[in-house]
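Okay, here's what each chain looks like letter by letter:
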Amino acid sequence: MVYFAALAIAVGLGLPIAVLSAAIGQGKVGAAAMEGIARQPEAAGKIQLAMMIALGFIESLVIYSLLMFFLLMPKLPDTMKIMDYLGK
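Residues numbered from 1 in each chain as written. Predicted model: local features only at pLDDT ≥ 70, side-chain atom pairs only at ≥ 80, totals over all residues. Heavy atoms only, no water.

### Re the packing of aromatic side chains
One pair of aromatic rings is described through two measures. These are the centre distance and the angle between the planes.
Then step 1. For the coordinates displayed, the defined rule picks out one aromatic pair.
Then step 2. Taken together, a centroid distance of 5.4 Å and an interplanar angle of 65° make the contact between F69 and F70 edge-to-face. (Phe/Tyr/Trp six-rings, centres within 6.5 Å; stacked < 30°, edge-to-face > 60°.)

Structure (structure tokens):
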């Protein structure tokens, strides 16, 4: 029973935590890139390329988290079965 509770918490909170963390990371990457371009405008192309690669890696982690969400969701038991089990 504890396994199912832990699985429900992981499925329910894992994706939102990953999305919020990625949003914060993307914001920091964008801010750092803009700051770098403002300091050295001649390096704008290289900075933008590095920013795009970093954003791609961050987004791939969110997509991986979404994949894990869809893979773990069917593993959760039916809510009515759990309620019947707890009621007995």
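After that view of the structure, there is still more to cover.
### Topic: helix 1 (residues 2–39)
Then step 1. With 38 residues, helix 1 ought to run about 56 Å at 1.5 Å a step, and its terminal C-alpha atoms sit 53 Å apart, in line with that.
Then step 2. At L13, helix 1 shows its largest kink, close to 30°, and the proline P16 lies no more than four residues downstream.
Then step 3. Inspection of helix 1 places L7, V11, L15, A22, G25, V29, G30, A33, G36 and I37 among the buried residues, and these make up the whole buried set.
Then step 4. Where the residues of helix 1 are buried, they touch helix 2 (44–72). (Helix = DSSP H or I, 4+ residues; strand = E, 2+ residues; numbered from the N terminus. Expected span 1.5 Å × (residues − 1). Bend = angle between axes of the 7 residues up to and from the residue. Buried < 20%, exposed > 50% of the residue type's maximum accessible area, 1.4 Å probe, protein only. Contact = heavy atoms within 4.5 Å.)

### Points about the packing of helix 1 against helix 2
Then step 1. Viewed as axis vectors pointing N to C, helix 1 and helix 2 meet at an angle of 175°, and their least axial separation amounts to 9 Å. Put simply, helix 1 runs roughly antiparallel to helix 2.
Then step 2. Along the lines of polarity and charge, the residues of the contact of helix 1 with helix 2 split into 19 nonpolar, seven polar and one charged. (Axes fitted to C-alpha atoms, helices over the stretch in contact; angles between N-to-C directions. Parallel < 35°, antiparallel > 145°, perpendicular 65-115°, else oblique. Nonpolar A, V, L, I, M, F, W, Y, C, P; charged D, E, K, R; others polar.)

### Re a nonpolar patch on the surface
Then step 1. Taken together, M1, Y3, F4, M83, Y85 and L86 make up a surface patch of nonpolar side chains, about 700 Å² in accessible area.
Then step 2. Those elements that place two or more of their residues in the nonpolar patch are helix 1 and helix 3 (79–87).
Then step 3. We classify L86 as exposed; its relative accessible area is 55%. (Patch = residues over 30% accessible without salt bridge, like charges linked within 9 Å, V, L, I, M, F, W, Y side chains within 5 Å. Areas by Shrake-Rupley, 256 points an atom, 1.4 Å probe, with all protein chains shown as cover. Salt bridge = Lys/Arg side-chain N within 4 Å of Asp/Glu carboxyl O.)

### Points about the environment of I82
Then step 1. Mapped onto the elements, I82 comes out in helix 3.
Then step 2. In this structure I82 comes out as partly exposed when scored by relative accessible area, which is 22%.
Then step 3. C-alpha separation for the pair I82 and F4, spaced 78 residues apart in sequence, amounts to 9.5 Å.
Then step 4. In contact with I82, not counting residues within four places along its chain, are M1 and P77.

### Some words on the nonpolar core
Then step 1. If you look at the biggest cluster of nonpolar residues, it comprises 10 residues: A22, V29, A33, I37, A43, A44, I47, M51, I58 and V62.
Then step 2. Per-element tally for this core: the top contributor is helix 2, with five residues.
Then step 3. Among residues more than four places away in sequence, those in contact with A33 are I47 and M51. (Core = buried A, V, L, I, M, F, W, Y, C linked by side-chain atoms within 4.5 Å.)

### Remarks on the pattern of salt bridges
If charged atoms from side chains of opposite charge come close, those side chains can pair.
Then step 1. Across all of its chains, the model carries one salt bridge by this definition.
Then step 2. For the salt bridge of E35 with R39, the shortest nitrogen-to-oxygen distance reads 3.1 Å. Of this pair, E35 and R39 are both found in helix 1, four residues apart, which corresponds to roughly one turn of the helix.

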